[in-house]
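If you want the building blocks of each chain, they are given just below.
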There are 2 protein chains.
Amino acid sequence: MTSIYDIAKQAGVSAATVSRVINNERYVSLKTQEKVQRVLQDTGFIPNANASSLTKKRTNTFAVVVPDLTNPFFTEIIHGIEGQAAARKIAVIVSNTDENIDKERKALRFLTERRVDALIIASAARSGDHIISCLGEDTPIVLLDRQPQGLKADLVRSDDHRGAEILVDYLVGLGHRKIGFIAGKRGISTTKLRLDGYRLALEKYGLECQAELIAQGDFKKEGGREGMLALLALPNPPTSVIASNNLEAIGALSAIREMGLRVPEDLSLVCFDDIELASLVYPFLTVVAQPVRTMGAVAAQLALERLDGKAEQPREVVMQMTLLERRSAGRV
Amino acid sequence: MTSIYDIAKQAGVSAATVSRVINNERYVSLKTQEKVQRVLQDTGFIPNANASSLTKKRTNTFAVVVPDLTNPFFTEIIHGIEGQAAARKIAVIVSNTDENIDKERKALRFLTERRVDALIIASAARSGDHIISCLGEDTPIVLLDRQPQGLKADLVRSDDHRGAEILVDYLVGLGHRKIGFIAGKRGISTTKLRLDGYRLALEKYGLECQAELIAQGDFKKEGGREGMLALLALPNPPTSVIASNNLEAIGALSAIREMGLRVPEDLSLVCFDDIELASLVYPFLTVVAQPVRTMGAVAAQLALERLDGKAEQPREVVMQMTLLERRSAGRV
DNA sequence: TTGTATGCGTTATCAA
DNA sequence: TTGATAACGCATACAA
């Protein structure tokens, strides 16, 4: 491989000077600057960023760890992150954990080996101990959507509590008084917030919060399906159901169809998180949506500021949820 | 930062030995192996992969360059790549070009600085010259979905030609004889193959291929919308339309709605590439789908084999398209 | 089986 | 303003 030494030789200067020109530092005379630039052009030399990061102690790399690369919620966030990062010449390494803590741990270890400058993560884990123990205290961490226990770090999320309230408000407005809920994955902060929001909203309307109306989900299709199956098996099933995310809703939908029922005629179904393309193809599922792209951009922003030392305390950015009314819920 | 030298000191051995233990090479006595391992454990030391790659001349990094991170077609492919890569301890850097050649060029330059081991790319460009001129001849390249001109490299794609034929067969089977076509982005190989397939299939049925029935698209929503608008403005519009990808179909759909028409009652619409989640929410759009996840995995595989020197000539892997019949096309 | 010395491609420090 | 020289953290050829 050709290095700055080769360039230096050709330009009749030292390697240090070449380095200075490449990073356009001051203290290089215009003359030598041009001389070196010419050689750089002629040879088409491209410096080795890895070698550079060895001395600079910056890799200009962000790691993004998500639990489900299948979910547009996360891919859109990645999109947002990538946009900001590319503009700053920062590489984005993507890792998928499949909601699996073991995979997450492996990914973290791996990313630490690469000495990523920052970690942006929607963790699959209940607690954040393993994150710290893998990354150490120094690497900036931005939590995405989920806040593991015992982890003080920047956080970008949406107002899950309020989101649940919005959905309940909406269903109650349609006359529903028996509202089921398919919870998210156990031990995830988002799961708890959405569930709490649901409970409180019911209370607001003087509706009893029956334990049997709450099914366990896992933020995936299959969990949504099973949760819905459980609700439908009830002697007195709900007239409407809230799924804790988009994939659960899809699973729930398939369960409903399996039972020969229709949405919204026989049962209303709403959920957290949009599937934008689906709604463009056919505006069906009523949801509360998060500003995903923006969340990604904000997360990247927070990471950058941490790197620049422009922050002291952990910050929490809470975005608004928006109700997108479509056709999956009906009046009862 | 702590290095293998620190470990060496603590373990009472040389750095070389520590390196050997970490990479578990042979020629290390069990005794010292254990001794070093213990220190490694106790300190929780994690080696610096960047430093390592400097000497090894392998970064264990793949670059994935796609034109549209918004399209599940590409994110699913990324998913497939990531799976293979993670299993081999290879990092995946994702770059989005927005179908913009300039962004692509910048991304390539950037990725070359990182000395990625391989490039997996769905290029936004007509020709592949800039790819070679950025990357050089040595870095393995795997072309995804699209084959820029003048670029000899491995290629993973689906049978676009046959895909078009499948769609035409299907529509003709429904009685359509006036089939419109919204082309893909100009200058992309996929665009041409799909269009050619369409033409040949029409011919097969003795149907005239009218130029006015072919509208220009760009693989994005807006292009699909405009293409469809143009077709609908025809004095004698088609009874069915094929869009060159999923996003174009969505745009086309919105155009159709704007004109107060319905699918499939007033017009049939089918396209290339699925939107899986949409079909799960509501099985609407009839498509020919590609095995996306697999394509990603195969692409990663090809890259790996190139790295291992297990290949000579460029290889071309062509996958089958599958018709997924739903409700967006009707009998005429 | 282990250690020494050197190199990987940059940048930073210090003199000149 | 420029150039030696020594890091950066690790791997490898060679010697022991």
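Residues numbered from 1 in each chain as written. Chains lettered and ligands numbered in written order. Predicted model: local features only at pLDDT ≥ 70, side-chain atom pairs only at ≥ 80, totals over all residues. Heavy atoms only, no water.

## Regarding the packing of aromatic side chains
So, step 1. This model, assessed by the stated rule, comprises seven aromatic pairs over all chains.
So, step 2. Measuring from centroid to centroid gives 5.6 Å for A:Phe284 and B:Tyr282, while their planes differ by 45 degrees, and the two rings are tilted. Taken together, the positions of A:Phe284 in the loop between helix H12 (276-281) and strand S10 (286-289) and B:Tyr282 in the loop between helix H12 (276-281) and strand S10 (286-289) put the pair across two chains. When sorted by exposure, A:Phe284 lands in the same class as B:Tyr282, which is buried. (Phe/Tyr/Trp six-rings, centres within 6.5 Å; stacked < 30°, edge-to-face > 60°. Helix = DSSP H or I, 4+ residues; strand = E, 2+ residues; numbered from the N terminus. Buried < 20%, exposed > 50% of the residue type's maximum accessible area, 1.4 Å probe, protein only.)

## Section: the protein's contact with DNA strand D
So, step 1. The environment of DNA strand D is formed by 30 residues, the closest being A:Thr17, A:Arg20, A:Thr32, B:Ile4 and B:Ser19.
So, step 2. Taking A:Ser29, its main chain carries an N or O atom lying 2.8 Å from a phosphate oxygen of DNA strand D.
So, step 3. Residue B:Ala51 places a main-chain N or O atom 3.3 Å away from a base nitrogen belonging to DNA strand D.
So, step 4. Every element with two or more residues in the surface near DNA strand D is listed here: helix H2 (15-22) and helix H4 (49-56) of chain A together with helix H1 (4-11), helix H2 (15-22) and helix H4 (49-56) of chain B.
So, step 5. With five residues, the single largest contributor to the surface near DNA strand D is H4(B).
So, step 6. Taken together, the residues of the surface near DNA strand D sort by class into 13 nonpolar, twelve polar and five charged. (Near = heavy atom within 4 Å. Polar contact = N/O pair within 3.5 Å; in protein donor to acceptor, adjacent residues only side chain to side chain. Nonpolar A, V, L, I, M, F, W, Y, C, P; charged D, E, K, R; others polar.)

## Remarks on the sheet that holds strand S8 (residues 240-243) of chain B
Residues and elements named next belong to chain B.
So, step 1. Read across the sheet, six strands follow the order S7-S6-S8-S9-S10-S12 without closing on themselves; strand pairing throughout is mixed. The two strands at the open ends of the sheet, each matched to only one other strand, are strand S7 (214-215) and strand S12 (322-324).
So, step 2. With four bridges joining them, S8 and strand S9 (residues 268-272) adopt parallel strand pairing. Pairing of Ile242 across the sheet is with Val270, part of S9.
So, step 3. In this fold helix H9 (residues 189-204) packs onto strand S6 (179-182), S7, S8 and S9, with an angle of close to 170 degrees to the strand it touches most, S6.
So, step 4. Against the sheet, helix H11 (residues 246-258) contacts S6, S8 and S9, and its axis sits at roughly 160 degrees relative to S9. (Pairing = 2+ DSSP bridges. Contact = heavy atoms within 4.5 Å. Axes fitted to C-alpha atoms, helices over the stretch in contact; angles between N-to-C directions.)

## Description of the nonpolar core
So, step 1. Within the largest apolar cluster, 103 residues are counted, with the highest numbers of intra-cluster contacts made by A:Tyr198, A:Met228, A:Ile242, B:Tyr198, B:Met228 and B:Ile242.
So, step 2. Residue contacts for B:Tyr198: discarding those within four places in its chain leaves B:Ala164, B:Val168, B:Ile179, B:Gly180, B:Phe181, B:Cys209, B:Leu213, B:Ile214 and B:Ile242.
So, step 3. Counting 56 residues, the second largest nonpolar core, distinct from the first, contains A:Phe62, A:Val142, A:Leu144 and B:Phe73. (Core = buried A, V, L, I, M, F, W, Y, C linked by side-chain atoms within 4.5 Å.)

## A word on the pairing of strand S2 (residues 91-96) of chain A
Residues and elements named next belong to chain A.
So, step 1. In terms of residue burial, S2 counts as a mostly covered element, since six of its six residues are buried.
So, step 2. What you see with S2 is no split at all: Ala91, Ile93 and Ser95 on one side and Val92, Val94 and Asn96 on the other are buried throughout.
So, step 3. Pairing of strand S1 (residues 61-66) with S2 involves six bridges; the strand directions are parallel. The residue of S2 that forms the bridge with Val66 is Asn96.
So, step 4. A crossover connection joins S1 to the parallel S2 through helix H5 (residues 72-87); in handedness this β-α-β unit is right-handed. (Right-handed = clockwise from strand over helix to strand, strands pointing away.)

## Structural notes on the relation of the copies chain B and chain A
So, step 1. With an RMSD of 0.1 Å, chain B superimposes on chain A once it is rotated by 180 degrees and translated 0.0 Å along the axis. With respect to symmetry, the two chain copies, as superposed, fit the operation of a two-fold axis.
So, step 2. A shared binding surface is used by both copies, with 100% of the interface residues of chain B retained as interface residues in chain A. (Least-squares fit on C-alpha atoms with pLDDT ≥ 70 in both.)

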